[in-house]
Amino acid sequence: MSQVNRRDFLRVAAVAVGSGVALKASQPGAEATVWQIDPALCVQCGRCATNCVINPSAVKCVHSYPICGYCDLCGAYLQPAAKTRDTGAESQLCPMAAIQRTHIEGVYYQYTIDEELCVGCGKCVKGCAMFGNGSLYLQVKRDLCVNCNDCAIARECPSGAMHRVPLSESYLLKTDPPPEAQG
Amino acid sequence: MRRYYSTLLVSLLVLIPAVHAQDGAFRFPMPEFESGYHHPEQVFPGADLTNPRVDVLVLAVVLALSAWFVLRRRNRRELLALTVFSLVYFGFWRQGCVCSVGSLQNIAASLVDPTFPVPWVVLLFFLLPLIAALFFGRVFCAAACPLGAIQELFTLWPLQLPRPLDRVLRLFPYLYLGLALLSVFLDSGFLICAYDPFIGFFRQGGSFNMLLAGALLLTAGIFIGRPYCRYLCPYGVLLSWMSTFSKWHLRIPEKACIQCKLCEEACPYGAIDFPVTEAAPLTRHAGARQLMLFTVLTPLVILLCAWIGMMSHVYLARIHSDIRLTERILAEERGEVEGMTIESEAFRSGNTTIPALLESAGKIQEQYKRGSAWLGAFMGLVIMVMIIRLSLVRHRVDYEANKTHCVSCARCFAYCPVEEEAGCVTQ
């Protein structure tokens with residue numbers, strides 16, 4: 001008690017430096033971040049399906065109904081070379097048959113993504129962006145994502161679309177017109 | 001018929017400006033449904049993870065138990081049971097994330113990036129093992145770290161590496177630590193997470209290379225105890241610094257050592273210092289002169305290593321994905337390679353021009369030039385400190401655990417005949 005030896009001094013110094021770094025690092029008041037895809041940057045390369053650490057991927061296709069044109073000839077649902085517009089497996093673009101097509105009225109159909117089946121490959125997203133309104137897009141489902149330190153998809157994303165956003169800004173949703181359709 | 005065509009024409013004329021006005025909207029506007037259809041509501045669930053407080057609590061309890069088993073109970077079997085628990089909980093159940101080894105990158109990233117705060121869970125995962133090491137030695141390595149645990153269980157027929165080779169290989173964790181920090185500071189990703197060899201086993205899936213590296217390390221680990229911990233783990237560097245100054249590090253014989261050498265034979269990690277009883281190899285005067293020489297050499301070695309680091313920045317800069325992209329784009333432009341990669345295709349479909357890419361790549365390379373020089377200087381310092389420490393011969397009577405390198409696996413107790421509970425005492 002009466003005298004402080006060198007080792008004790010070093011110990012106290014280490015704890016002091018550690019606490020300083022901790023205080024600087026924790027940045028009191030700053031918000032936690034989560035991984036999200038920016039739909040405007042996504043190029044549908046298909047790596048979300050293969051690079052996620054959980055299998056199947058935490059990235060799923062999300063359907064923005066207010067953007068959808070409810071087309072009969074849907075570029076996201078049907079193979080480009082499909083002979084008939086039906087629900088046959090040979091007509092479907094989705095390799096997992098994760099898109100359900102239900103008739104509403106007249107020539108209009110509703111398309112729903114079955115999240116249990118979706119693997120996030122983005123084939124339908126590409127089809128919809130090419131031939132339709134772009135109402136389909138890929139997004140990280142936060143209930144599935146384990147929020148890795150270093151997202152394995154972000155590491156390989158060719159367009160930098162996967163990035164951290166503050167918790168309050170998730171989800172990054174697509175409700176505006178797609179950039180291709182703008183002037 | 002005529003009426004039909006005129007109607008069509010009028011509607012077309014009306015439609016043309018309408019189409020122009022709708023340029024900002026969609027190709028196919030949402031139909032006005034007559035059947036009163038309403039689209040389903042979209043559900044965006046929040047995170048559904050294990051409460052992180054549980055993880056921190058488990059870590060704290062495991063650290064405390066580990067210290068208790070090593071220092072008080074001096075029982076390897078109980079420690080081994082705890083190791084298996086940690087492997088199952090932190091490894092297979094929590095899938096190896098968040099881990100203390102990777103957390104040092106979060107700390108480094110948050111120091112340079114104000115938009116990336118460290119969650120308090122990660123902060124505690126970083127600090128708790130270090131604080132424990134400061135008091136009890138590397139009890140985290142002994143039983144809490146899932147990476148250490150899986151290797152501990154694979155240490156079956158350990159061979160003793162020659163001491164000099166062991167000490168030289170122990171420089172690699174410093175290099176890995178330096179590279180990982182460089183990568184984080186220059187915004188090139190988390191290397192420690194990307195090259196975690198065992199995470200593929202914990203998640204039961206991963207790239208082929210990741211699983212292969214893990215399998216190779218585990219196979220090597222059968223003969224060379226804990227290869228990742230000893231010769232790669234960057235967090236182990238910080239732990240060893242703390243452990244060197246630990247207050248209550250384990251001691252091999254509680255009573256008098258009988259110099260039976262069994263503990264040294266038992267230690268698979270080369271972490272036992274043997275007695276040095278003969279006279280010092282150099283006289284006091286010669287020793288002082290040698291130390292002086294090393295001290296004078298230190299700045300020169302640091303400068304040399306910094307120069308080597310700076311020269312290697314061209315290769316190191318490839319850690320950054322933009323540099324790899326730039327090299328690919330340039331090769332495509334020169335016609336050296338056929339076709340496009342997904343990256344170069346994505347770049348070409350974007351808005352960035354090649355000159356802009358080149359300019360940003362130049363900036364990154366400039367940063368890497370400076371960073372690599374610092375990395376080299378750090379390695380020079382590490383090498384010189386190692387040489388100086390090796391040159392200082394300390395008089396030692398008994399076999400002792402090296403506080404820096406010992407991972408508190410408790411094998412030495414199990415073999416020590418002086419231990420009270422050991423049943424194999426013959427004399």
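Residues numbered from 1 in each chain as written. Chains lettered and ligands numbered in written order. Predicted model: local features only at pLDDT ≥ 70, side-chain atom pairs only at ≥ 80, totals over all residues. Heavy atoms only, no water.

Undergrad: Would you take a moment to explain the overall build of chain B for this structure?
TA: Secondary structure assignment for chain B yields 21 helices and two strands. Whereas a compact globule of 427 residues would reach a radius of gyration of roughly 22 Å, chain B reaches 30 Å, over 25% beyond that. With the principal axes as the frame, chain B shows a C-alpha extent of 120 × 55 × 35 Å. For chain B, the residues scored as buried account for 45% of the 427 residues in total. Considering only contacts within chain B whose residues lie at least 6 apart along the sequence, 80% involve residues at least 24 apart. Total accessible area computed for chain B in this model is approximately 23500 Å², and 65% of it derives from carbon and sulfur atoms. (Helix = DSSP H or I, 4+ residues; strand = E, 2+ residues; numbered from the N terminus. Rg over C-alpha atoms; globule rule 2.2 N^0.38 Å. Buried < 20%, exposed > 50% of the residue type's maximum accessible area, 1.4 Å probe, protein only. Contact = heavy atoms within 4.5 Å. Areas by Shrake-Rupley, 256 points an atom, 1.4 Å probe, with all protein chains shown as cover.)

Undergrad: Before we go on, may I ask you to explain the overall build of chain A in this structure?
TA: Looking only at helices and strands, chain A has four helices and six strands in total. For chain A, the N- to C-terminal ordering of α and β elements is α-β-α-β-β-β-α-β-α-β. Over its C-alpha atoms chain A spans a radius of gyration of 23 Å, topping by over 25% the 16 Å that the globule rule assigns to 183 residues. Based on the C-alpha atoms only, the size of chain A along its principal axes is roughly 90 × 35 × 25 Å.

Undergrad: Help me understand the environment of glutamate 152 of chain B in this model?
TA: Residues and elements named next belong to chain B. Mapping glutamate 152 onto the fold places it in helix α7 (residues 146-154). Considering only alpha carbons, one finds glutamate 152 and histidine 39, 113 residues apart in sequence, at a separation of 56 Å. Discounting chain neighbours no more than four positions away, the residues touching glutamate 152 are Arg76, Leu80, Thr83, Arg226, Tyr269, Cys409 and Arg411.

Undergrad: Is there a simple way to explain the environment of alanine 306 of chain B in this structure?
TA: With respect to the secondary-structure elements, alanine 306 of chain B resides in helix α16 (residues 284-311). With 67 residues separating them in the primary sequence, alanine 306 of chain B and alanine 373 of chain B have C-alpha atoms 4.4 Å apart.

Undergrad: Explain the side chain of glutamine 139 of chain A to me, please; I cannot follow it from the model alone.
TA: Turning to its location among the elements, glutamine 139 of chain A is positioned in strand β5 (residues 136-140). Non-local contacts of glutamine 139 of chain A, meaning those with residues more than four positions away in its chain, are made with Gln36, Ile37, Ala58, Val59, Lys60, Val62, Tyr171 and Leu172 of chain A.

Undergrad: Would you explain helix α3 (residues 123-131) of chain A in this entry?
TA: Residues and elements named next belong to chain A. The complete set of buried residues in α3 reads Cys124, Val125, Gly127 and Cys128. With its buried residues spanning 165 degrees around the axis, α3 presents them on a single face. Those residues of α3 that are buried are in contact with β2 (59-63), β3 (99-105) and β5. (Arc of directions from axis to C-beta.)

Undergrad: Quick question: what am I supposed to make of the packing of helix α3 (residues 76-93) of chain B against α7 of chain B here?
TA: For any two helices packed against each other, one specifies the crossing angle of their axes together with the interaxial distance. Residues and elements named next belong to chain B. Here α3 crosses α7 at 125 degrees, and the two axes come no closer than 8 Å. Relative to α7, the element α3 lies oblique. Between α3 and α7 lies a crossing of left-handed hand. For the pair α3 and α7, contact is made by Arg76, Leu80, Thr83, Val84, Ser86, Leu87, Phe90 and Gly91 and by Pro146, Ala149, Ile150, Glu152 and Leu153, respectively. Class assignment for the residues of the contact of α3 with α7 results in eight nonpolar, three polar and two charged. (Axes fitted to C-alpha atoms, helices over the stretch in contact; angles between N-to-C directions. Parallel < 35°, antiparallel > 145°, perpendicular 65-115°, else oblique. Left-handed = near helix turned anticlockwise from the far one by under 90°. Nonpolar A, V, L, I, M, F, W, Y, C, P; charged D, E, K, R; others polar.)

Undergrad: It is not clear to me how the nonpolar core should be interpreted in this structure. Could you clarify?
TA: The biggest cluster of nonpolar side chains holds 74 residues, and the ones touching the most others in it are Val101, Phe126, Phe140, Phe198, Tyr228 and Tyr235 of chain B. The element best represented in this core is helix α5 (residues 120-136) of chain B, accounting for nine residues. Residue contacts for tyrosine 235 of chain B: discarding those within four places in its chain leaves Ser100, Val101, Leu104, Phe125, Phe126, Pro129, Leu130 and Phe140 of chain B. One finds Val59, Cys128, Cys145 and Ala161 of chain A within the second-largest nonpolar core, a separate group that totals 32 residues. (Core = buried A, V, L, I, M, F, W, Y, C linked by side-chain atoms within 4.5 Å.)

Undergrad: Would you take a moment to explain a nonpolar patch on the surface for this structure?
TA: All names here are of chain B. On the surface, Leu57, Val61, Leu65 and Trp68 cluster together to form a nonpolar patch covering roughly 380 Å² of accessible area. Within the secondary structure, leucine 57 sits in helix α2 (residues 52-73). We classify leucine 57 as exposed; its relative accessible area is 57%. (Patch = residues over 30% accessible without salt bridge, like charges linked within 9 Å, V, L, I, M, F, W, Y side chains within 5 Å. Salt bridge = Lys/Arg side-chain N within 4 Å of Asp/Glu carboxyl O.)

Undergrad: Looking at this structure, I do not really get the confidence of the model for chain B. What am I missing?
TA: Atomic detail in the predicted coordinates should be set aside for any region of low pLDDT. All names here are of chain B. Of the residues in chain B, 91% reach a pLDDT of 70 or more, and the chain-wide mean stands at 87. Looking across chain B, the model is least confident in helix α1 (residues 2-21), with a mean pLDDT of 47, and most confident in helix α9 (residues 172-185), with 96. Low pLDDT, under 50, characterises residues 8-23; the predicted model gives this stretch four contacts beyond four residues in sequence or across chains. The low-confidence segment residues 422-427, where pLDDT is below 50, has two contacts with residues more than four positions distant or belonging to other chains. Two summary scores accompany this predicted model of the complex, namely pTM at 0.86 and ipTM at 0.79. (pLDDT = per-residue confidence, 0-100.)

Undergrad: Just to check I follow, could you spell out the pattern of salt bridges for this structure?
TA: Where charged atoms from two side chains of opposite charge come close, those side chains can pair. Residue and element names in this part refer to chain B. Here the structure, examined in full by the defined rule, presents 23 salt bridges over all chains. For arginine 334, the salt bridge identified is with glutamate 336, shortest N-O distance 3.2 Å. What makes arginine 334 exposed here is its relative accessible area of 57%. The exposure class assigned to glutamate 336 is exposed, which follows from its relative accessible area of 53%. Lysine 363 serves as the salt-bridge partner of glutamate 359, at 3.9 Å between the closest nitrogen and oxygen. Of this pair, glutamate 359 and lysine 363 are both found in helix α20 (residues 354-391), four residues apart, which corresponds to roughly one turn of the helix. Per residue, the accessibility class of glutamate 359 equals that of lysine 363, and both read exposed. Ionic contacts of the salt-bridge type, sharing partners, join the residues Arg76, Glu152, Arg226 and Arg411 into one network.

Undergrad: Just to check I follow, could you spell out the pairing of strand β1 (residues 33-37) of chain A for this structure?
TA: Remember that side chains alternate between the two faces of the sheet whenever the strand is regular. Counting buried residues along β1 of chain A, five of its five residues qualify, which places the element largely inside the surrounding structure. Here β1 of chain A shows a buried face lined by Thr33, Trp35 and Ile37 of chain A and a second buried face lined by Val34 and Gln36 of chain A.

Undergrad: Quick question: what am I supposed to make of the interface of chain A and chain B here?
TA: How large an interface is tends to be reported as the accessible area lost when its parts come together. In this assembly, 63 residues from chain A lie in contact with 56 residues from chain B. Here chain A is connected to chain B by one salt bridge. A salt bridge links arginine 47 of chain A to glutamate 343 of chain B; its shortest N-O distance comes to 2.6 Å. Looking at the side of chain A that touches chain B, the elements that each hand over two or more residues are α1 (6-26), β2, β3, β4 (108-113), α3 and α4 (152-156) of chain A. It is α1 of chain A that provides the largest number of residues to the side of chain A that touches chain B, a total of twelve residues. Residue composition of the side of chain A that touches chain B, grouped by class: 33 nonpolar, 14 polar and 16 charged.

Undergrad: Explain the domain arrangement of chain B to me, please; I cannot follow it from the model alone.
TA: Residue and element names in this part refer to chain B. Considered domain by domain, chain B is made up of domain 1 (52-276 + 401-415) and domain 2 (284-391). Taking only C-alpha atoms, the centre of domain 1 and the centre of domain 2 are 28 Å apart. With 14 residues of domain 1 at the interface, the matching set in domain 2 holds 15 residues. Both faces combined, the contact of domain 1 with domain 2 buries some 1300 Å², and carbon together with sulfur accounts for 82% of it. (Domains from an automatic or database assignment. Buried area = accessible area lost by both parts, 1.4 Å probe.)

Undergrad: It is not clear to me how the packing of aromatic side chains should be interpreted in this structure. Could you clarify?
TA: What characterises a pair of aromatic rings is the spacing of the ring centres plus the angle enclosed by the ring planes. Going through the model one piece at a time under the given rule, you end up with 19 aromatic pairs over all chains. Geometrically, the ring pair formed by tyrosine 89 of chain B and phenylalanine 90 of chain B is edge-to-face, given 5.1 Å between the ring centres and 85 degrees between the ring planes. Residue phenylalanine 90 of chain B is classed as buried on the basis of its relative accessible area, which comes to 5%. The ring of tyrosine 109 of chain A has arginine 101 of chain A sitting right over it, with the charged end atom 3.9 Å from the ring centre. (Phe/Tyr/Trp six-rings, centres within 6.5 Å; stacked < 30°, edge-to-face > 60°. Lys NZ or Arg CZ within 6 Å of the ring centre and 35° of its normal.)

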